[in-house]
Amino acid sequence: MSGILTYALHYQGAFNKNSLGAVSEGAKLAAELGGEAAAVVVGGDDLTDELCASLGRYGAKKVYRVRGPEGLAQPVVDAMAKVITEQGYDYALFGGGLLGFEVGAGLSARLRAGVVMEVTEVKVQDGRLIATRPVLQDSALVDSGYVGSPGIVIGRLNAFDAVERDGGPAEVIDVDVQFEAHSQKARMVKRGEQRGADVNIEDAEIIVAGGRGLGEAEKFRMLEELAELMGGAVAATRAVVDAGWYPYAAQIGQTGKTVAPKLYLAAGISGAIQHKVGMQNSENIVAINKDPNAPIFEFCDLGVVGDLHKIVPKLIEAVRARKNGGA
Ligand SMILES: Cc1cc2nc3c(=O)[nH]c(=O)nc-3n(C[C@H](O)[C@H](O)[C@H](O)COP(=O)(O)OP(=O)(O)OC[C@H]3O[C@@H](n4cnc5c(N)ncnc54)[C@H](O)[C@@H]3O)c2cc1C
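Rules used in this analysis
- Residues numbered from 1 in each chain as written.
- Predicted model: local features only at pLDDT ≥ 70, side-chain atom pairs only at ≥ 80, totals over all residues.
- Heavy atoms only, no water.
- Helix = DSSP H or I, 4+ residues; strand = E, 2+ residues; numbered from the N terminus.
- Rg over C-alpha atoms; globule rule 2.2 N^0.38 Å.
- Buried < 20%, exposed > 50% of the residue type's maximum accessible area, 1.4 Å probe, protein only.
- Contact = heavy atoms within 4.5 Å.
- Areas by Shrake-Rupley, 256 points an atom, 1.4 Å probe, with all protein chains shown as cover.
- Lys, Arg positive; Asp, Glu negative; His and termini not counted.
- Charge placed at Lys NZ, Arg CZ, Asp CG, Glu CD.
- Axes fitted to C-alpha atoms, helices over the stretch in contact; angles between N-to-C directions.
- Parallel < 35°, antiparallel > 145°, perpendicular 65-115°, else oblique.
- Left-handed = near helix turned anticlockwise from the far one by under 90°.
- Nonpolar A, V, L, I, M, F, W, Y, C, P; charged D, E, K, R; others polar.
- Salt bridge = Lys/Arg side-chain N within 4 Å of Asp/Glu carboxyl O.
- Pairing = 2+ DSSP bridges.

**Student:** When you look at the overall build of the chain in this model, what are you seeing that I'm missing?
**Tutor:** Of the regular secondary structure elements, the chain holds 8 helices and 17 strands. A globule of 327 residues ought to have a C-alpha radius of gyration of about 20 Å, and the chain, at 21 Å, matches this closely. Looking at the chain residue by residue over its 327 residues, the buried ones come to 49%. Restricting the contact set of the chain to residue pairs at least 6 apart, pairs at least 24 apart contribute 67%. As displayed, the chain has an accessible area near 15600 Å², and 48% of this comes from carbon and sulfur atoms. When the 33 basic and 41 acidic side-chain charges of the chain are each reduced to a single mean position, those positions are 4 Å apart.

Shown next as structure tokens:
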């Protein structure tokens, strides 16, 4: 049977956005291929029928539920290898992120399957998937097809949008998996997120990002204040992370995170290509920069030429006034 299998990571009763993006993308592509989209979930009692079936809203027809440790790569490799071998899925698709990379790479080794990583777009051509990935510091794009089956696609983090569809609940199928001995060696000791703030950057709808134009580390407080007022998260460029002004966990770009919020407010950021690749899919990009020739003005939706040290405090004032019921 032609189809696409994805892995959906969950935590505290909810699937993560990146996984929902993979399920959505898998469903869209499977429909074009004339096949079926399905997902594997691994976890404990928190994987209720209702939670698993909810993946139907993102296009999964079937959800294979495996009881096992959640959040570890090797048990997921065992589970996906079993489902692919027994059910004959043609492709496995992952939304990226560290776990997606590890599971995808492990699955590729286990099944001797071809893998393309850092994929930003997938299309159907002549009844087969073609994965596109940027190369040479994102200056060129390469299309790759798959010779054998299954083909493994590992997306760049947040490359695929989570799109809700009309589909009914997914069929939930319990699968018993005998985990390999080496898959049981690791155990989850503690789960946490390395963040600059307590807001998840990848899931944030509003991001306030700061660059070298801030002038000093302390000025990030101003961005944190603005982000908090707007219910968003704070991000940074590599220049300021390298300078020790903000934690690496908040870095956006080629060697950092990829985000696609509704609003990306860039303050004192030049818009170098390595930064752009991590935020260019944002719905609205607003840039504040004192240099009218800054590259960021070539791809932002709203550009404000001016001194951020004057503009950001005014913005904070305005947002606060509006929150307090002002105009
Ligand atoms: C292999 C490689 C990987 C990389 N990966 C990443 C990555 O993942 N993420 C990333 O961000 N970068 C990455 N970089 C670095 C990237 O090339 C840039 O150097 C970096 O993004 C620049 O950061 P910036 O915009 O903060 O600093 P700058 O380029 O120095 O820009 C600062 C901007 O602030 C403006 N400014 C100054 N003062 C003010 C003011 N008072 N008000 C308003 N504006 C002001 C200036 O006009 C300027 O445009 C990578 C580079 C390489 C080679």
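**Student:** How do you make sense of unusual backbone geometry when you look at a structure like this?
**Tutor:** Glycine aside, residues mostly have negative phi angles, and peptide bonds mostly take the trans form. The omega torsion across Ser 149 and Pro 150 is 0°, close enough to zero to call that bond cis. Relative to the helices and strands, Pro 150 is located in the loop between strand E10 (140-144) and strand E11 (151-155). Of note, the phi angle at Arg 112 is positive, near 50°, even though the residue is not glycine. Judged by relative accessible area, which is 81%, Arg 112 ranks as exposed.

**Student:** Is there a simple way to think about the packing of helix H5 (residues 220-230) against helix H8 (residues 308-323) in this case?
**Tutor:** The angle between the axes and the distance between the axes are what describe a pair of packed helices. Packing of H5 against H8 leaves a shortest axis separation of 10 Å and a crossing angle of 25°. When the axes of H5 and H8 are compared, the pair comes out roughly parallel. The element H5 and its partner H8 pack so that their crossing is left-handed. When H5 is examined against H8, the residues Met 222, Leu 223, Glu 225, Leu 226, Leu 229 and Met 230 are found in contact with a partner set consisting of Leu 308, His 309, Val 312, Pro 313, Leu 315, Ile 316, Val 319, Arg 320 and Lys 323. Counted by class, the contact of H5 with H8 contains 11 nonpolar, 1 polar and 3 charged residues.

**Student:** Even after reading the chapter, I still don't get the environment of Gly 211, so can you show me in this structure?
**Tutor:** As for its placement among the helices and strands, Gly 211 is situated in the loop between strand E13 (206-210) and H5. Residues Gly 211 and Arg 238, 27 residues apart in the sequence, show an inter-C-alpha distance of 8.1 Å. What Gly 211 contacts, discounting residues up to four positions off in sequence, is Thr 237, Val 240, Trp 245, Ala 267, Gly 268 and Ile 269.

**Student:** Explain the pattern of salt bridges to me, please; I cannot follow it from the model alone.
**Tutor:** A side chain with one charge can pair with a side chain of the opposite charge if their charged atoms come near. Under the counting rule described, the total for this entry stands at 13 salt bridges. A salt bridge links Arg 57 to Glu 164; the nearest nitrogen and oxygen atoms lie 3.1 Å apart. Taken as a pair, Arg 57 in the loop between helix H2 (49-53) and strand E5 (62-67) and Glu 164 in the loop between E11 and strand E12 (171-175) lie far apart in primary sequence, 107 residues in all. The closest approach of N and O atoms between Arg 65 and Asp 174, which form a salt bridge, is 2.7 Å. One end of the pair, Arg 65, is in strand E5; the other, Asp 174, is in strand E12, and 109 residues separate them in sequence. Sharing partners across several salt bridges, the network here consists of Asp 49, Arg 65 and Asp 174.

**Student:** I tried to follow the sheet that holds strand E8 (residues 121-125) on my own but got confused; where do I start?
**Tutor:** Where strands meet in a sheet, backbone hydrogen bonds hold them as pairs that are either parallel or antiparallel. Across the sheet, which stays open at both edges, the 3 strands sit in the order E8-E9-E10 with antiparallel pairing between neighbours. Single-partner strands in this sheet number two, and they are E8 and E10. Averaged over neighbouring strand pairs, the angle between their axes works out to 30° when direction is ignored. Where E8 and strand E9 (residues 128-135) come together, 5 bridges link them in antiparallel fashion. Looking at the pairing, Lys 123 lines up with Ile 130 of E9. Contacting E8 and E9, helix H1 (residues 17-33) crosses the sheet at an angle of about 10° to E8.

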